[in-house]
Amino acid sequence: MPHAFMRRSIGALFFTLLVLVLCANAGQAQAQIKLQIGSGTTAAAMDSSSGPASSNVVTTPRVRAELVALAPQGIEPGKTIELGLLLDHQPDWHTYWANPGDSGLPTQLQWQLPPAWDAGEIAWPTPHPIRVGTLVNYGYEGQVLLPVTVQIPSNFSPDARDVTVRLHANWLICRVECIPEEGQFSLTIPTKSSTALLADTFAQAHAQVPVALQGSSQASVDGETLKLRVSGLPAALQGQSLQVLSESPDTLHHAMEAGKDFNQQWDGADWTAVVPLSANRGQTPDHIPLVLTTDKHTAVDGAIGWRAVAPISGQWQAAAVAQVSPELAAALAKNAQTSAPTPPPSSGNLWLAVLGALVGGLILNLMPCVFPILALKVLGFTAHGSQLREQRHAGLAYTAGVVLSFLALGALLLALRSAGQQLGWGFQLQSPLVIAALAALFTVIGLNLAGMFEFGSFVPSSLAGKQAKSPITNAFLSGVLAVAIASPCTAPFMGASMGLAVSLPAAEALLVFAALGLGMAAPYLLASWIPAVVRWLPRPGAWMDTFRRAMAFPMFATVVWLVWVLGQQSGIDGAATLLALLVLLAALVWALGLQGRARWAFALLSIAGGLYLASAMGHNLTTPAPAPGQQASGALWQPWSAQKVGEINASGKPVFVDFTAAWCVTCQYNKRTTLSDSQVLSAFEGKQVSLLRADWTRQDPAITQALNQLGRSGVPVYVLYAPGKAPQILSEVLSVKEVVDAVAQL
């Protein structure tokens, strides 16, 4: 009786510990969902230093934006007042002019004013050219005021002492990366008293607005160039080199440099130049608005810019398709994905996804990460011997375990994504607690296969009896185990199917996951129904025990891999803590196989040691490893970022990105074979391909978003980005020929 009670207590303890691990992991997932919802607010929400959702000041980490007014005489009928958006940029950040240049977007102001009030256009200050590689943008750094003149109607009669004006502003702010931001502003202006605190700021802003020239100007098309003649410039400018900017974004070549890309000279009081047209030019307009400045933006006669509107004679040939920079194209594509509803996939695409998942599941049996379960499959065949009926039942149970596990994993993935989580295939292995639980599971399985213990020796007798009488349950659990170890792998044909599945309605997505499970279980299911397979195996005998013990080593090898994965996530302290806990777990399993009082003494000692170690050092398992330092200049692989891909492509060079994870065995195989091959590295070097690695070992929303944009939901994914071309996705299991051929086509 005491021993039976202790056996039940030990079983209950194991169950309790398992529930605690699952609850802790579920709690962590729930906390992550709450954090994502809380931190996933767009830049529209901002960090407002003023408190209310709508005030005259909006502050972000990159810019302070303020709605300001100038009404020295108050608000008088028939008069004008000045409103404006005052932008105070953080160092290295900038916003854009009316013509942003090769990339970017101009700041937009949408006013909500009292009835019949008329807001004019922005009086744009003269911008500064901002060079980024071979591109040139036009914009503002530091502090800039965008003033707007507002006409008050003659019949205006304020009913109150104050008038409230509101503004919705949108701006794109950039450094290397670009971030669209917006703000809601509200400002109360007294109708009778003066509002002139920022009179000097408005005066400086108007001083920076280009002065309209009174003289006549001309422009004539000459092939790929435009000949300009501008009259009416100040005499003090004569003889100086000038910069020319077009207010129209699709006319002149923005990155032109005087003396290199165009020539200029003075013809008496007229300034003349022959400037190149933009390669992305649109149709020829009737007039072209130009802004001229000195090279250093020095003031002449109180102005730093002069505006001329020249009629155009002749017609240029418009570009067939206007191109935008890779950065802007990526931003527009992202906006389209977030704002436009995704059209429902066609039924043809759905069945292609199902077929791809079925084939991918078949190939998944050949992946290195699935190898440890081969022992359980083979032992299952030999256990049934010639009992064809039981063998077929076991095949069906194994299939049910695989398919239901894939359905459960798919349902969890879809539920978390619908809750706001940026997750993909293999997401569960981004949790150190799941890694630790799997390492413990495979340690116990390895010890069992090695003959250290039998499950029936220390589980409750009633459960042991049911286990012995229910091989169907064993087969079902073998299917569950197969999915657990196979989940981090991605086989050929599987990546595209999983990428489409997460964008489908829930019912259709689960159909794809079921097809994946059916494909993986198909070889075992078919073999269980074909008697020839059993006849091919040797007769049951001593070899079965030898084979079983040999299969313990793949299990232990899997534990080594899992410890390495956790070390990538939580550092050397996390890996050491897991190893210590596994040693105590092995000691507990050994103790439970002893007889007499020593059994319970050593078992309790192992449990106490494990609990103490978990309380004292358990935090090491979930503490993220310190971020690696910046790689040395010239390193072969560099850390990935979407901005870095756009920046390198903008310089005219191709980029190869390896989307990988430490827990993905296929990724590590490709990394140590094809991606380390001398032919592949020589091909990369010959085409000056930059190599970037996107590490998804821990959850990274930026990498998840990039995978979603590529139509993938898991790793490995290998992508070749070439300037001006669509991304080229290579297969999950890379070959040297495939990579070399793809690079050769650049």
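Keep in mind the model is a prediction, meaning the values are calculated, not measured.

What counts, and at which threshold
Every chain begins its residue count from 1, and numbering advances along the sequence as written. Per-residue local features are limited, in this predicted model, to residues with pLDDT of at least 70; the limit for side-chain atom pairs, both in listing and counting, is 80 or more; totals at the level of whole chains, interfaces and linings are taken over all residues. No hydrogens and no water enter the side-chain calculation; it runs on all heavy atoms of the structure. Excluding any residue in a salt bridge, patches collect residues exceeding 30% relative accessible area, merging like charges within 9 Å and nonpolar Val, Leu, Ile, Met, Phe, Trp and Tyr side chains within 5 Å. Only the protein chains shown count as cover for residues, and all accessible areas are computed by the Shrake-Rupley method using a 1.4 Å probe. We count a salt bridge whenever a side-chain nitrogen from Lys or Arg sits within 4 Å of a carboxyl oxygen from Asp or Glu. Put simply, DSSP H or I for four residues or longer makes a helix, DSSP E for two residues or longer makes a strand, and each gets a number counted from the N terminus. Residues belong to one nonpolar core when they are buried, are Ala, Val, Leu, Ile, Met, Phe, Trp, Tyr or Cys, and are joined through side-chain atoms within 4.5 Å. Here the term buried applies to any residue with accessible area under 20% of the maximum for its type, exposed to any over 50%, and partly exposed to those in between, with areas from a 1.4 Å probe on protein chains only. The criterion used for residue contact is that any of the two residues' heavy atoms lie within 4.5 Å. The pairing criterion is simple: DSSP has to find at least two bridges between the two strands. Lines fitted to C-alpha atoms define the axes here, with helix axes fitted over just the stretch in contact, and angles between the N-to-C directions of these axes take values from 0 to 180 degrees. Angle categories: roughly parallel below 35 degrees, roughly antiparallel above 145, roughly perpendicular from 65 to 115, and oblique for all the rest. Residue polarity is assigned by list, with Asp, Glu, Lys and Arg as charged and Ala, Val, Leu, Ile, Met, Phe, Trp, Tyr, Cys and Pro as nonpolar; anything else, Gly included, falls into the polar class. Pairs were defined over the aromatic rings of Phe, Tyr and Trp, the Trp ring being its six-membered one, requiring ring centres within 6.5 Å. Orientation was assigned from the angle between planes: stacked under 30 degrees, edge-to-face over 60, tilted for the rest.

**Thoughts on a nonpolar patch on the surface**
Together, L352, L355, L358 and L518 make up a nonpolar patch on the protein surface, roughly 350 Å² of accessible area in all. At three residues, helix α4 (residues 347–364) tops the list of elements feeding residues into the nonpolar patch. As for its placement among the helices and strands, L518 is situated in helix α11 (residues 506–528).

**Concerning the nonpolar core**
Among the nonpolar cores identified, the biggest contains 49 residues, and W640, V657, F659 and V715 are the most heavily contacted of them. Among the secondary structure elements, those contributing two or more residues to this core are α7 (432–449), α14 (552–592), α17 (642–650), β21 (655–660), β22 (690–695), α20 (701–709) and β23 (717–721). By residue number, the principal contributor to this core is α14, which donates 13 residues. Setting aside chain neighbours within four positions, we find V657 in contact with W640, V645, L692, A694, V717, Y718, V719 and Y721. Counting residues in hydrophobic clusters, the runner-up holds 39 residues, among them Y140, V144, L146 and L167.

**Points about the sheet that holds strand β24 (residues 728–730)**
Spatially, β20-β22-β21-β23-β24 is the arrangement adopted by the five strands of the open sheet, whose pairing is mixed. Bordering the open sheet on either side are β20 (637–639) and β24, each of which pairs with just one other strand. On average, adjacent strands in this sheet sit at an angle of 30° to one another, irrespective of strand direction. With six bridges joining them, β21 and β22 adopt parallel strand pairing. Considered in β22, the bridge of D658 is made with R693.

**A short note on the packing of helix α19 (residues 678–686) against helix α21 (residues 736–744)**
Interhelical geometry of α19 versus α21 gives an angle of 10° and a closest axis separation of 9 Å. The angle between α19 and α21 places the two elements in the roughly parallel class. Where α19 abuts α21, its residues Q679, V680, A683 and F684 lie against V736, V739, V740 and V743. Here the residues of the contact of α19 with α21 sort into seven nonpolar, one polar and no charged.

**A closer look at the environment of L277**
By the secondary structure assignment, L277 is in the loop between β17 (270–276) and β18 (287–294). What makes L277 buried here is its relative accessible area of 6%. Along the primary structure L277 and H253 are separated by 24 residues, whereas in three dimensions their C-alpha atoms are 5.2 Å apart. Among residues more than four places away in sequence, those in contact with L277 are G223, E224, T225, L226, T251, L252, H253 and W316.

**Thoughts on the pairing of strand β15 (residues 242–246)**
The element β15 is largely enclosed, with a buried count of four among its five residues. Taken together, the five bridges between β15 and β18 define a ladder with antiparallel strand orientation. Paired with L242 across the two strands is T294, which belongs to β18.

**A closer look at the packing of aromatic side chains**
On inspection of all chains with the given rule, the structure shows nine aromatic pairs. Where F553 meets F556, the ring centres are 6.5 Å apart and the plane angle is 80°; that geometry is what we call edge-to-face. On the criterion of helical spacing, the pair formed by F553 and F556 is a turn pair, its members being three residues apart in helix α14. For F553, a relative accessible area of 59% puts it in the exposed group. Taking relative accessible area as the criterion, F556 reaches 29% and is therefore assigned partly exposed. Among the aromatic residues, those joined into a ring-pair cluster are W637, F656, F684 and Y718.

**Observations concerning the pattern of salt bridges**
Across all of its chains, the model carries nine salt bridges by this definition. A salt bridge links E181 to R62; the nearest nitrogen and oxygen atoms lie 2.6 Å apart. Taken together, the residues span a long stretch of sequence, with E181 in strand β11 (residues 178–190) and R62 in the loop between β1 (57–59) and β2 (63–70) at a distance of 119 residues. Between E247 and R307 there is a salt bridge, with the nearest N and O atoms lying 2.7 Å from each other. In this pair, E247 is assigned in the loop between β15 and β16 (263–267) and R307 in strand β19 (residues 305–313), connecting sequence segments 60 residues apart. Within the structure, one salt-bridge network assembled from shared partners comprises R229, D267 and D270.

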